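# Understanding the architecture of this molecule
So the chains spell out like this:
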Amino acid sequence: MRSDHEVNASLVLEESNLFTDKQTFIKEFIKTLANNSSKALDEASSRDLYNTLGLMIRKHVSKNWIDTNKQYKQNGEKQVYYFSMEFLMGRLLESNMLNLSILHVVEDGLKELGIELATISEQEHDAGLGNGGLGRLAACFLDSIASLQLPGHGCGIRYKYGLFEQKLMDGYQVELPDYWLKEDYVWEVRRSDRAVQVRFGGYVETKVVDANIVFDHKNYETVIAIPYDVPVVGFENKTVNTLRLWSAEPSMKDVDIHTSNRDNYYKFLSHKRSIESISEFLYPDDSHFEGKKLRLKQQYFLVSAGLQSILSAYKRNKNFGLKDLPNKATFHINDTHPALIVPELMRLLIDEEGFGWEEAWDITIKTCAYTNHTTLVEALEKWPINLFQELLPRIYMIVEEINERFCQELWKKYPGEFDRISNLAIIAHNQIRMAHLAIVGSFSVNGVAKLHTDILKEREMNNFYTVFPTKFNNKTNGITHRRWLMNANPKLSNYITEVIGKRWITQPRDLIGLIKYANDASFQEKLAEVKLENKRALATYIQEKTGIIVDEHSIFDVQVKRLHAYKRQLLNVFHIMELYNLLKENPNIDMVPRTFIFGAKAAPSYIFAKKIIKLINTVASVVNNDPYIQGKLKVVFLENYSVSMAEKIIPAADVSEQISTASKEASGTGNMKFMMNGALTIGTLDGANVEIHDMVGKDNIFIFGLSSQQVLNYYSYGGYVARDVYNSDQRIRTVLDQLLNGFCGNDKVEFKDIYYQILSNNDEYFVLKDFDSYVEAHQKVDLHYRDPKEWQKKAIINIAHSGKFSSDRTISEYATEIWGIRPFTVK
């Protein structure tokens with residue numbers, strides 16, 4: 001890690017001309033390499049080369065980064081601060097070069113030096129700042145905010161070890177620390193001068209001073225929050241926004257180490273370790289008390305550090321007072337994790353700035369906005385009162401007061417309706433409901449797909465919708481086409497530009513211009529050629545990583561996403577087992593060869609999900625090593641799925657598995673990435689699949705299964721018995737029995753939990769109910785893939801309509817309809 005002095009020195013450099021042309025770049029590259037590593041080109045490692053290029057890019061953007069922040073302040077621009085526990089940024093080297101329009105200069109310059117850019121790019125470790133769709137969405141949003149020249153920044157935690165590095169041992173997931181910070185992170189700047197203190201524990205004394213109530217927090221534990229700033233570079237403009245990541249460090253005041261007492265020294269080490277654990281891992285295991293406590297600590301650490309920093313910077317501008325805060329800032333709560341923004345902002349306004357309750361509350365509810373990302377009850381966080389009160393005594397007092405005042409308002413509106421008020425209360429049944437806190441304390445509550453928002457309004461949050469109908473709105477998710485098409489699939493991107501021009505790059509809805517080429521034979525052939533090249537590259541990657549040889553001419557059928565029962569990787573593997581059973585009966589069966597590709601991490605304490613990973617790998621071992629089926633079926637599980645791996649997989653996919661139980665997936669964004677790269681979706685009418693279906697038409701997507709309304713009706717009224725399906729469908733009975741009869745190995749009890757979860761717990765996610773429809777949809781996939789022209793036509797139609805799902809569209813809607821911010825041109 002470079003010192004603050006070195007970093008600040010580099011930031012005051014004038015905007016450089018390091019990338020003006022190839023020869024200038026070569027000269028500066030060799031000079032920077034020598035200055036920073038004291039090595040000549042022929043002595044440098046690939047890591048040295050990566051660090052050199054990264055530092056050059058940082059130097060290149062430094063002036064614009066400074067100017068962006070300075071001009072926002074000078075012009076009094078309203079800014080959005082996007083708080084999220086996850087920012088799954090992926091690698092930044094190539095995406096930054098793409099946005100800066102220097103990619104070709106660098107690539108050509110390195111080639112002249114005998115260096116492949118791809119070799120350097122592989123040196124960058126994916127930043128361990130997220131897990132799945134939530135974090136990737138946040139990263140896409142930051143890219144779009146900067147590219148649309150909007151004043152907005154991210155606020156997160158600098159996790160030392162990320163979520164975990166996944167290893168497969170005998171088919172089982174094993175979690176190891178993700179040492180992504182083992183090497184210096186070239187993009188970050190440590191800002192010790194902007195450190196703040198965050199307080200935990202202790203107690204609060206209430207007293208009256210000069211007729212004012214004062215809350216004195218005593219005997220608390222102090223944590224020092226150190227910010228690390230990462231530049232967020234806009235596409236072909238001068239906007240460079242900031243992702244601020246917070247790291248927890250101990251306060252030296254809390255422990256007396258200036259003593260010869262050996263016990264004190266070890267107490268200090270233990271204290272230091274406990275403090276640093278706050279920013280060590282994403283999502284600590286919360287299956288036990290200490291894990292729950294650490295998660296709550298993380299969430300408060302993030303919002304307290306972030307808000308203190310923002311308000312401190314805001315107050316340095318003497319032109320505006322805190323009463324103007326709603327006109328100058330929006331604090332966006334991405335899912336329930338940062339919901340403590342609401343009481344923490346109240347604390348800062350009341351305790352630190354001297355506002356009365358009503359005035360502070362008015363500012364708070366005009367400044368905070370909330371995005372809900374789930375309909376799953378277990379994902380709507382709740383905290384035990386005793387834990388919350390012990391760890392955050394002053395915040396608990398504020399939440400209790402918010403709840404009391406809210407319930408009083410409800411009593412006036414619904415007198416005598418105790419059950420309704422209890423259901424709406426923030427505190428009830430000895431728990432604090434974070435989603436309720438976020439809704440009550442925000443001026444906007446949005447879902448992330450039309451279906452999801454409708455379910456929130458009509459079912460899951462109907463009571464709140466009745467109370468606050470104007471707060472609820474929809475903002476369908478999106479993805480940044482710059483990373484997921486231009487950067488991940490440059491050959492396809494370049495060919496699209498040749499055909500329809502380059503306006504789609506800044507106006508992605510213009511991809512619709514491809515529609516008129518859907519039946520164009522030459523365009524279809526070129527699309528197929530690019531797809532085959534991508535499949536060939538992925539096949540090589542798979543062989544290098546797993547030793548499995550796959551047929552590049554087979555259908556690449558891909559399901560890559562977080563492992564959860566509702567996402568139904570189990571349905572996919574049951575279908576694979578059924579296909580294998582058919583091939584064992586008749587190896588000459590007429591079917592297009594199929595390669596099923598999985599990538600997924602399961603939460604360490606989610607035992608059922610980890611069993612599914614083991615099942616997938618066990619089935620893969622059986623299928624891939626059976627010569628009898630003549631290579632018609634292959635199964636691949638790629639370990640340690642990540643953004644950079646997704647960039648290899650998605651451009652090569654033919655079929656995109658989006659098969660969650662209808663009503664369970666809020667939106668999904670993988671479906672959009674695959675669609676944009678010409679894969680066809682097989683999926684339920686869930687999340688954004690519904691809107692994809694409406695855009696491309698029923699003939700260009702493979703829809704199966706129960707509708708969301710049918711699923712919700714079964715949950716409400718019953719009527720589904722999984723065992724009846726088991727008894728009536730021989731295919732299902734065979735597959736389920738194979739979990740116990742030795743088909744999957746000698747250990748006949750290995751997968752009994754899956755068997756009984758399906759049959760004894762009545763198949764909560766309707767895997768068996770949707771099985772027949774799913775098999776039928778796959779038969780249609782097989783049939784249509786046999787007609788290359790028809791398949792390519794469908795792919796083109798999907799790509800053409802994918803512009804609607806650019807995060808530029810999503811962010812434009814957030815900016816105008818929620819945040820109230822406008823584009824600002826940095827000069």
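Description of the structure in this document. Predicted model, so just to flag it, every value in this text is computed and none were measured.

Parameters and conventions
Residues numbered from 1 in each chain as written. Predicted model: local features only at pLDDT ≥ 70, side-chain atom pairs only at ≥ 80, totals over all residues. Heavy atoms only, no water. Helix = DSSP H or I, 4+ residues; strand = E, 2+ residues; numbered from the N terminus. Rg over C-alpha atoms; globule rule 2.2 N^0.38 Å. Buried < 20%, exposed > 50% of the residue type's maximum accessible area, 1.4 Å probe, protein only. Contact = heavy atoms within 4.5 Å. Areas by Shrake-Rupley, 256 points an atom, 1.4 Å probe, with all protein chains shown as cover. Lys, Arg positive; Asp, Glu negative; His and termini not counted. Charge placed at Lys NZ, Arg CZ, Asp CG, Glu CD. Disulfide = S-S within 2.5 Å. Core = buried A, V, L, I, M, F, W, Y, C linked by side-chain atoms within 4.5 Å.

### A closer look at the overall build of the protein
Within the protein, the regular secondary structure consists of 33 helices and 23 strands. Taking 2.2 N^0.38 as the reference for a compact globule, 827 residues should give roughly 28 Å; the C-alpha atoms of the protein span a radius of gyration of 27 Å, in line with that estimate. When its C-alpha atoms are laid out on the principal axes, the protein stretches across 90 × 75 × 60 Å. When burial is assessed residue by residue, the protein has 60% of its 827 residues classed as buried. Within the protein, contacts between residues at least 6 apart in sequence are counted, and of these 76% link residues at least 24 apart. Accessible surface computed for the protein: about 32,800 Å², of which carbon and sulfur atoms make up 48%. Distance between charge centroids for the protein: 3 Å, based on 98 positive and 105 negative side chains.

### Observations regarding the state of the cysteines
Counted by the stated rule, this structure contains zero disulfides. With no disulfide partner, Cys 140 has as its closest neighbouring cysteine sulfur the one in Cys 155, 19 Å distant.

### Considering the nonpolar core
With 147 residues, the main nonpolar core has Leu 53, Phe 83, Phe 301, Phe 331 and Phe 388 as its most contacted residues. Of the residues forming this core, the biggest block, 11 residues, is contributed by helix 9 (residues 289-316). For Phe 331, the contacting residues outside a window of four places in its chain are Tyr 81, Phe 83, Leu 307, Ile 310, Leu 311, Leu 325, Ile 341, Leu 345, Thr 367, Cys 368 and Ala 369. Core analysis: the second largest hydrophobic core is formed by 121 residues, Ile 505, Ala 646, Ala 652 and Ala 688 among them.

### As for the side chain of Ser 247
By the secondary structure assignment, Ser 247 is in strand 10 (residues 240-250). With near-sequence residues (within four places) excluded, Ser 247 lies in contact with Arg 158, Ile 224, Ala 225, Ile 226, Tyr 228, Ser 279 and Phe 301.

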